[in-house]
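Single-letter residue listing:
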Amino acid sequence: MGRQGAKRRGTRQKGSLEPSGLVEVEESTAPRPEAKRARQGGSHLEEEAVKLGGSLQNPDALGCMPWNRWKEGAAVDPKQEHAELAEWKEKSFTNPLFEAYYQAQGIMAADELPTLLATLKRPLPVTFRVNPAHHAGASILRRLQKETLGALHRARPQLRAWRWRGQKLEFLAREVQHLPENCVVWGLGLDRAGFNVGRKQHPEMKELFEAVQHGMSVGAVVRQEVVSMLPVSVLRPLPGQRALDMFAAPGSKTAQLLEAIRPDSEAAGGLVVANDAGAEERIPLLRRALGARPVSEQAGLVITCAKGEQLPLMCFGGETRRFDRVLVDAPCSRDGTVRKAADVLRKWTPDPGTQLHAVQVELAMHSLRLLEVGGTMVYSTCSLNPVENEAVVASVLARAGPAVVLLDMGGRLGNLRTRPGLSHWRVGDAVPCTGMTGSTAKNKPLSAGSKMAMRWHDTFVRLRER
Ligand SMILES: C[S@@+](CC[C@H](N)C(=O)[O-])C[C@H]1O[C@@H](n2cnc3c(N)ncnc32)[C@H](O)[C@@H]1O
């Protein structure tokens, strides 16, 4: 989201796994059709309604799952957890609540569900990005293309036959084509663990691994998921601009911002503020990741550790200035990360997403206040949930009024397949399906072995207040 003097119309589009909302703020005060649509779109989200409504809708038909003990704070033995996760991955790898919820939300057509579930089971291939602005970027890219990947190709026959936990090298390594311009991305047909094993068994893969490691150590290569590259790609930061990364750790998107803003370039004034509230673990991660960046980039980097909702206006060169670009990569329920964190699916319920909604709106609203008029802000999460995505953007548009417009991201996403964002969504919670309804279900203590089902509500319920 952002603030902008020019009036532009647009609709929101959604990426396949990491939806982003791109909004501008206008100075105009006249009501705009976009804001009106957004308000209508959020009609299921009456934030003032705190009454717990709704009733169990045919729990058995909606799909149940064993009650998750972790949610009730029961002591968890890590060894047992590990064994249970392995067994679940082997035998089940599904969660009926997740399926019921997302089918009801309409984030995909009914016949696409099997494809989604099959995709979630597939390990996430390693991808890495070459920093085009890095002084060694071009030579590293040449080395990758000509030598390292060339050696891999020559070793093709042996590597083709090689298998790692059922994974094979679908392709040895290739440039990912479906990305916006300026993103040179390479992918392997193997996940991280496979890549690690492969490098121990095949000298050609070891060479590639070492080339990537070397590139990472000098800030010329960043290992980053393709979907994680999209928010900054669509934000389109320009050399010399001031950008704020509100939730920055571990920092791969901050690195992208630095590459685009190029504090060392001729366009003076370029600056990136990377903020994160996680003082203990997250800030050290951020410092480590960004510490590898070239010194010239780091000259334009400021790391702050504050709660996003309390981040003050900042002074640059003695003047209080807002940011041209703000990235709100918000804390979320992470259910778009199942391919690298299967446990998220095993333990999935709709509650974290629903509870995070109000926090996300507050964080996005505060971020807007730090955005310059004429600036752009991207709101993104790694969740599939419209309550954390479309509903947040709609709520921000409704609150910010006519000065904010939603931008059309068409043309900014390369040839990725996209869909318009949802304009309606549902609010639900998970309840034990023991034949109870309404408040009875709510008050009954949950025990191991209970089954869970979806309960839908006509109004948004502040589940935190239950
Ligand atoms: C989704 S992660 C950000 C990922 C990061 N943008 C990247 O691409 O590497 C969310 C981050 O928000 C931080 N966070 C959570 N709540 C916050 C708050 N209220 N204010 C600031 N940071 C917060 C967490 O510590 C976490 O590092």
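For clarity, every value in this text was computed on a predicted model and none was experimentally measured.

Turning our eyes to something else, we now look at the overall build of the protein chain. From N to C terminus, the protein chain includes 17 helices and 20 strands. Looking at the protein chain residue by residue over its 466 residues, the buried ones come to 53%. Taking all contacts inside the protein chain whose residues are at least 6 apart in sequence as the whole, residues at least 24 apart take part in 79%. Put simply, the protein chain shows about 21,100 Å² of open surface, and 50% of that area lies on carbon and sulfur atoms.

So, about the state of the cysteines. A complete count under the given rule lists zero disulfides for this structure. Not part of a disulfide, Cys 332 finds its nearest cysteine sulfur in Cys 382, a span of 3.5 Å. Exposure remark for Cys 332: the relative accessible area of 15% places this residue in the buried category.

Another aspect to go through is helix α9 (residues 203-217). Spanning 15 residues, α9 covers 21 Å between terminal C-alpha atoms, matching the ideal 21 Å at 1.5 Å per step. For α9, every residue scored as buried is listed here: Glu 204, Met 205, Leu 208, Phe 209, Ala 211, Val 212 and Gly 215. Axial view of α9: buried residues confined to an arc of 160 degrees, hence all on one face. A positive backbone phi angle near 80 degrees is found at Gly 219, which sits one or two residues after α9.

Per the UniProt record, "binding site: S-adenosyl-L-methionine" (unreviewed entry) is annotated on Asp 276 and Asp 329. Sequence-wise these annotated residues cover 54 residues; spatially they are packed, their C-alpha atoms never more than 10.7 Å apart. Structurally, the position occupied by Asp 276 is in the loop between β11 (271-275) and α12 (282-291). A relative accessible area of 10% places Asp 276 in the buried class. Look past the residues within four positions of Asp 276 in its chain and what remains in contact with it is Met 246, Phe 247, Ala 248, Ala 249, Arg 282, Ile 283, Thr 304, Cys 305 and Ala 306. For Asp 276, the side chain forms a polar contact with the main-chain nitrogen of Ala 248, separated by 3.5 Å. Mapped onto the elements of the fold, Asp 329 is located in strand β15 (residues 323-329). The class of Asp 329 is buried, set by a relative accessible area of 17%. One polar contact links Asp 329 to Lys 253, side chain to side chain, over a distance of 2.8 Å.

Tallying each qualifying case throughout the model produces nine aromatic pairs. Ring centres 5.3 Å apart and planes at 65 degrees place the aromatic pair Phe 195 and Phe 209 in the edge-to-face group. Of this pair, Phe 195 sits in helix α8 (residues 192-201) while Phe 209 sits in helix α9, and the two are 14 residues apart along the sequence. Given the relative accessible area of 1%, Phe 195 is considered buried. In textbook terms, an aromatic cluster arises when at least three aromatic residues are bridged by ring pairs, as seen for Phe 98, Tyr 101, Tyr 102, Trp 348 and Trp 456. A cation over a ring is seen here: Arg 199 above Phe 209, with NZ or CZ 4.0 Å from the ring centre. Just above the ring of Trp 456 sits the side chain of Arg 426; from NZ or CZ to the centre is 4.4 Å.

Time to look at the nonpolar core. Phe 98, Tyr 101 and Tyr 102 are the most contacted members of the largest nonpolar core, which totals 28 residues. For this core, the secondary-structure elements that each account for two or more residues are α3 (78-91), α4 (96-105), α5 (113-121), α14 (343-346), α16 (390-400) and β20 (451-457). Broken down by element, this core gets its largest block of residues, five residues, from α4. In this structure, this core is formed jointly by two domains, domain 1 (13-46 + 229-423) and domain 2 (59-121 + 428-456), each of which donates at least three residues. When sequence neighbours within four positions are dropped, the list of residues in contact with Tyr 102 reads Ile 107, Met 108, Asp 335, Trp 348, Ser 383, Leu 384, Asn 385 and Pro 386. Grouped together as the second largest cluster of nonpolar side chains are 27 residues, Leu 244, Leu 271, Ala 364 and Val 396 included.

Here we come to the pairing of β11. Across the five residues of β11, five count as buried, placing the element largely inside the fold. In β11, alternate side chains face the same way, and those of Leu 271, Val 273 and Asn 275 on one face and Val 272 and Ala 274 on the other are all buried. The pairing of strand β10 (residues 242-245) with β11 spans four bridges and is parallel. Directly across from Ala 243, in β11, lies its bridge partner Val 272. Handedness of the crossover is the feature at issue here: the chain leaves β10, passes through helix α11 (residues 252-261), returns alongside β11, and the resulting connection is right-handed. The sheet contact formed by β11 and strand β12 (residues 301-304) spans four bridges and is parallel. Looking across to β12, one finds that Val 273 is bridged to Val 302.

The next subject is the side chain of Thr 337. By the secondary structure assignment, Thr 337 is in the loop between β15 and α14. Given a relative accessible area of 10%, Thr 337 falls into the buried group. In this view, Thr 337 contacts Val 344 and Cys 382; residues no more than four positions away in its chain are not counted.

Let us now look at the site of the ligand. Surveying the vicinity of the ligand reveals 20 residues, the closest of which are Phe 247, Asp 276, Arg 282, Gly 308 and Asp 329. Lys 253 is positioned with one of its side-chain polar atoms (N or O) 2.8 Å from an oxygen atom of the ligand. For the ligand, the protein covers 82% of the area, taking 600 Å² as the surface of the free molecule. Its residues placed into classes, the shell around the ligand shows nine nonpolar, five polar and six charged.

Rules behind the numbers
- Residues numbered from 1 in each chain as written.
- Predicted model: local features only at pLDDT ≥ 70, side-chain atom pairs only at ≥ 80, totals over all residues.
- Heavy atoms only, no water.
- Helix = DSSP H or I, 4+ residues; strand = E, 2+ residues; numbered from the N terminus.
- Buried < 20%, exposed > 50% of the residue type's maximum accessible area, 1.4 Å probe, protein only.
- Contact = heavy atoms within 4.5 Å.
- Areas by Shrake-Rupley, 256 points an atom, 1.4 Å probe, with all protein chains shown as cover.
- Disulfide = S-S within 2.5 Å.
- Expected span 1.5 Å × (residues − 1).
- Arc of directions from axis to C-beta.
- UniProt positions renumbered as here; feature names shortened; annotations may be inferred.
- Polar contact = N/O pair within 3.5 Å; in protein donor to acceptor, adjacent residues only side chain to side chain.
- Phe/Tyr/Trp six-rings, centres within 6.5 Å; stacked < 30°, edge-to-face > 60°.
- Lys NZ or Arg CZ within 6 Å of the ring centre and 35° of its normal.
- Core = buried A, V, L, I, M, F, W, Y, C linked by side-chain atoms within 4.5 Å.
- Domains from an automatic or database assignment.
- Pairing = 2+ DSSP bridges.
- Right-handed = clockwise from strand over helix to strand, strands pointing away.
- Near = heavy atom within 4 Å.
- Nonpolar A, V, L, I, M, F, W, Y, C, P; charged D, E, K, R; others polar.

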